[in-house]
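Architecture and fold: a report
These are the residues of each chain, in order.
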Amino acid sequence: MTRTRPLTRTRLLRAGLGLLALGLGLLGEAQARTVKIVTADRLELRKMAGTLQADGTTSEEQEIVVISGQSVELRLDEDVILATRVEYNRTRRTLTIIGAGQYTTTQNGSTQVLKGSGLVVDLGSQALTGEDVIISDANLEIRGEAVSRVPGQLTAQKSYFTPCAKCGRTPNDYAFRAKSVLLYPGDRLVAYEATLLLAGAPLLFLPVVVLPLQDQSRQPRFGLSQDAVDGLTVQADLPFVIGSTTLGTTLLRYYQNRSPSVGFGVDLHSYAPTAGVEKVDLYALASPRPSKVVTENGVSRTVVSGDNEYALNFSVRGRLELYGSKDGLRYTLGAVRSDLGRADTDPQRGVTDLSGTASAEFPSVEFGKIEAQVNYQDRIGPPLTVALANVLRREVVIDPGAYRLGKLSADFKVTLGQYTAASNPLSRSAQLQGPNFSTARLEERHVISFSSAPWTGGTLTLNNTFTGRYYLTGARTVNLSASVSLNQIFNVSNSVRLNYVYSRQEGTSPFAFDAVFTRPPSGVLSGDIVVTPTPGFTITASQSYDYVQPPAVQPPTSFGVRVQKGPVTSNLLLQPNFFTGKLDAASFDALVGQNLPLLIGLRASYTQGGGAGPISLSADVVGGPRTNTFGVTANWDPRSQSLSSLNLRASAASTQDTVLTPLSFSASETINLETRIPALSDPAAPPPVTQTTVTQRSSLSGQATLNVNGLTLNTTHSLSLPDGNPASDTAFFSVGSQAGSNLNWNLRYGGNYDLSRLGFLRPTLSGTLTATRLGQRLSAQASLNLPGLDQGLTELGNASVAGSYDFGRAFITGGAYYNRSRQGTGTAAQTVNDTLTFQPLTLTLGLGGGPKPGAYLSTILRQTLSWQDGVLQPPGRVLPIFVLTVDRCCWAFQIEINPLDGRYGLSLSLPGGDTSVSAFSATANGVSVPLLTPGR
C-alpha cells in the first residue's frame, strides 16, 4: 500500500528544508553524500508499506521523496544530475532517475557524462547502475547495455566504444565492440573480447584492448636508439595508478655498453594519500653513468664507469592537527639531487639538497596571534671548495602579533639558527676560514610606534625600528632608526611640521648574505611650513640639520612661492645655504594667458655648480576654434651672453568638412646657435691658468607632417651648420597612407646629407605595402640604392614579399626575401653578394566532402640561394617538399617526402596525445623507427 502526500508550491519551501535535513542526516552514516536541490517544480513525500517476503516476513516500510519538474537539477557534492523525475529512497539511501536523464561526474581530473534511463545511485557506497547507458568524456564515447560504477571504475557490459564519436561522422572511422569494458577515469580503458570495426565493418578480433586516456605526460613512452658508445639503448616510461589518489610512471632504462646496464626509477604523484598529507611528489631515477671515450697514443677506447648516477626530486606538503592553532601545523619537506648531465668536476654532482618548513599560528593568545616557524635547509655530499650559492640553515622563527595598548604598537620577531653560507669578503676573520663560514646567529627585529593627538590639529608620532644580529663568534650588526614627528594643522592649507630622525648602521657580519655596510650615524632635525594667506597664493619653507655632520655639508633651506590666479601661474624656488653663505639653487617659471588667444611663458634656473641656466621665453598664438596654433620659444644663455636656440612650431586642422576632406598640418623647427661657455671646474681645485670653454655648434633640426584625405606627407631633417657633418646629418621625405586602412603603403627617400656639397651621399628609396582582406594578406617591401655624391649605382638593396590566400578548401602561402651587399666603397668593380631566401609556394588542398576536409595535401618549395658576383653558389637548387596529411578528428597521419635531400618520414596522432608521433624516418644516414621519446 502506498500513501502519497503531494506538495503544492506553497509547501515547496518546507519540503525542501525537510529534504535538506534528510541529506544532512546521511552525513553521519558512513560519510554518505549530500543531496542538494538546485531546480525542481514539485516534491512528493511517499510512504510505501512493506511487502510480504518468501520466508513469510514483511520488508520494512520505505520512505520515498519524488522530485519532478520540467527541468530537475540535483547536486551530489561535485556531481550533477539532470532529469525530469528523480525518486529519492530515504530508507535504502538511493537516487533513481525515472525516464531519460544525465549524470555528470568527475574523477581523477576526468569528467564523464552518463546518459540513460533507470540510473540508480547508491548514496552510501557511491555506486551507480543502469541499463542502455551512453558514457562520454573528452576522448571516448561508450555505449553499454548494463553499466555499473564504483569509485574509480566504470564497467559496461555488451558495449560499443569509439574515439570518433566527437567527429560527427557516420559510420565512425574505427570503433570496438566488446563483451565488457572497464573504464578507469582519467587513466585507461580495458576491453575484453573486443572486435575492431573499421567504418562499421568487423575486421579483427582482439582478446584484450588497452587504451591510455591520460594527458601527454601520462602516456606510455618508448625509445629505441643505437650508437657507437652506448650500443643499443632502450627507454620506457610505463604509467600506473594506485587507487583513486595516486598515479605515477615507472621509468626503465637499458644501455648495452654501460655497466650496470639497467636503470630504473619512478615518477609519482599522490593526492591526499593519508590523513595529514595533502600531496606527495616523487621523481627518482638511478641510471648507469655514461661511458667515456679515452684516446691514448692515437687509439680510442671506451671506459665503463661501473657506477650509477642519480636524479631525485621529492616533495611533500600537508597539515597536521595542532591544539590551539588557527589552521593546524602546515609543513613542507623536500629533497633534490641531479647528477644526470653534470660533469665530474661539477660541485653539485653527488649533492642532495634538503629543505623543510613547518609553521603554525596561535590566535588565542594575548598578542592576538603568534606565528612559530621552523626552517631547514642542508646538503648531503662532498665538502665544497667554492662559495655556496645559497644559505644552509636550521632556524626557528618566533613572530608574535603586534601588541597594542591604546595608541602604542609593538611588533617583535626573533630568529635563532645555525647557518652555513658564503663568507663575507669584508670580514677578514671570515675569509680566513675559507669560502664558506658556519656559526649560530640570533636575530631580533622590532618596530615600536606611538601616535596621538595631544591637542586640536596636532599629531605626535614616535617610531623605533631596530634589527640586531648577534653571532656566536662575537660579531654583531645593528641597524637602528628612531624618529619623532610633531605636525600641526591650523586649517586645510596651513601647517607646521617638526621631525627628528636618528639612524645608526654598524657592525660586520661573517656572512655575505646578511652583510651590513657601516655608515656614520646621523641625527637629522627638519621642519617645514606651508602657508596660504589667500586662495591661489601659497608659501612654503623647509630646513633640515644633521647634528652629526659638519656645517659644510648641511643641506640648504628651501623657500617656495606659488601663484595661481586667473590666467597667471608662477612658481619661484630659492635654496640658500645659510651654513655656507651661498645660494645652492634657484628656479622660476611663469605662464600668462591660459585659455586666452595669446599664451606667454618664462623659465629660468640657477645652480651653484653650473651657474645660471638658459632663460626661456615662449609665446603661442591660439586660433579661434583652438585648432590652429603658432608658437616660438627663444633660449638665451647668460653665461655666453647670447641667444642659444630658437624653436618655431605650428599646427592647423580643418574645422569644416572634416569627414569628406580631412586636413591637418603640424611642423616644428629648432635652431641651435653657436655658443661658447666656460667649462665647469671643481671649486676646491686651484684656478686654471687659462679658462677653457665648451662650444655648442650650430644646428638645424625639425619635422613637418601633412595629413589630407587619408594621405600622409612627412619630412624630417637634422643638419649641422654652417658646413654640415656628412657622417651624422640626415634628411628624409616620405609619403604614404594613414594607418588603419586595409591598404597601407609608404614611400621614403633620403639618407645622410652633405650640406657643403648640397647633396645626399648614398640615398635610398624604400617602400612598403600591406594589403589585407578577409582570408587574404599581401605584404611587400623594397629598398633601392640611388646615385648620390658617394654612390654612382642604381641597384636593388633588399626586397621581400609575402602573402597568403584562403580559398576555403585551399590555402596558399608564400614568401621571398632578397638582400645585396657590397665590399668596399660601392664601386662597380667590387665583390657583390646576393642572397635569396624563399619559400615561394606552399599549397594546401583540403580533400573529401562534408563540412570539414578529411585530408590535406600540401606542396612546399623551400630554399636559400646565394650568388657571388652573379655566380650561383652550391647547392643552388630548389628543394620541393610534399606533405600529405589525413586528419579524421580522432586520428591523423602525415607523410613528408623530400626527394632531393633523400628524407622521408611518417608521423601519427592518436586520441590522448597532444602532438604527433614520429613513427618512421629515413635519411641518407639510415632508417629509424623512433617512437615517443621518454621523458626525464
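The text that follows walks through the structure, step by step, so that each part is easy to find. (Residues numbered from 1 in each chain as written. Predicted model: local features only at pLDDT ≥ 70, side-chain atom pairs only at ≥ 80, totals over all residues. Heavy atoms only, no water.)

Along the chain, the regular secondary structure elements total two helices and 62 strands. Partitioning the intrachain contacts of the chain with sequence separation of at least 6 by distance along the chain shows that 40% fall at a separation of at least 24. (Helix = DSSP H or I, 4+ residues; strand = E, 2+ residues; numbered from the N terminus. Contact = heavy atoms within 4.5 Å.)

Okay, the pairing of strand 19 (residues 277–288) next. The element strand 19 is extensively covered by neighbouring structure, given that nine of its 12 residues are classed as buried. Bridging between strand 18 (residues 262–271) and strand 19 involves eight bridges; their strand directions are antiparallel. Bridging across to strand 19, Tyr-271 finds its partner in Lys-279. The pairing of strand 19 with strand 22 (residues 308–320) spans 11 bridges and is antiparallel. (Buried < 20%, exposed > 50% of the residue type's maximum accessible area, 1.4 Å probe, protein only. Pairing = 2+ DSSP bridges.)

The subject of this paragraph is unusual backbone geometry. With omega at 0°, the peptide bond leading from Ser-259 into Pro-260 counts as cis. Checked against the element boundaries, Pro-260 lands in the loop between strand 17 (246–255) and strand 18. Here the bond from Leu-721 into Pro-722 is cis, since omega is 0°, no more than 30 degrees from zero. Residue position: Pro-722 is located in the loop between strand 47 (711–720) and strand 48 (730–737). Located in the positive-phi region is Ala-272, a residue other than glycine, with phi close to 45°. Mapped onto the secondary structure, Ala-272 falls in the loop between strand 18 and strand 19. Even without a glycine there, the phi angle at Asn-709 is positive, about 50°. Structurally, Asn-709 can be placed in the loop between strand 46 (699–708) and strand 47.

Let us now look at the packing of aromatic side chains. Applying the stated criterion to the full structure yields 13 aromatic pairs. With centroids separated by 5.1 Å and ring planes inclined at 15°, the aromatic side chains of Phe-161 and Phe-176 adopt a geometry described as stacked. With Phe-161 in strand 11 (residues 153–162) and Phe-176 in strand 12 (residues 174–184), the pair connects residues that are 15 residues apart, well separated along the chain. Look at Phe-176 and you get buried, because its relative accessible area is 7%. The ring of Tyr-255 carries Arg-258 above its face, with NZ or CZ at 3.8 Å from the centroid. The ring of Phe-732 has Arg-748 sitting right over it, with the charged end atom 3.7 Å from the ring centre. (Phe/Tyr/Trp six-rings, centres within 6.5 Å; stacked < 30°, edge-to-face > 60°. Lys NZ or Arg CZ within 6 Å of the ring centre and 35° of its normal.)

This model, assessed by the stated rule, comprises 35 salt bridges. In this structure, Asp-281 and Lys-279 form a salt bridge, with 3.6 Å as the shortest nitrogen-oxygen distance. By the burial criterion, Asp-281 is buried, and Lys-279 matches it. With a shortest N-O distance of 3.0 Å, Arg-820 and Glu-795 are connected by a salt bridge. (Salt bridge = Lys/Arg side-chain N within 4 Å of Asp/Glu carboxyl O.)

The nonpolar side chains of a soluble globular protein tend to be buried, and buried together. Counting 40 residues, the largest nonpolar core has Leu-95 and Leu-189 as its most contacted members. Residue contacts for Leu-95: discarding those within four places in its chain leaves Val-35, Leu-74, Leu-76, Ile-81, Val-86, Glu-87, Tyr-88, Leu-119, Val-120, Val-121 and Leu-123. Tyr-419, Ala-430, Phe-437 and Phe-511 belong to the second largest nonpolar core, which has seven residues in total. (Core = buried A, V, L, I, M, F, W, Y, C linked by side-chain atoms within 4.5 Å.)

Moving on, we get to the side chain of Ser-570. One can find Ser-570 in strand 36 (residues 568–577). When neighbours within four sequence positions are excluded, Ser-570 is seen to be in contact with Val-561, Arg-562, Val-563, Phe-588, Asp-589 and Ala-590.

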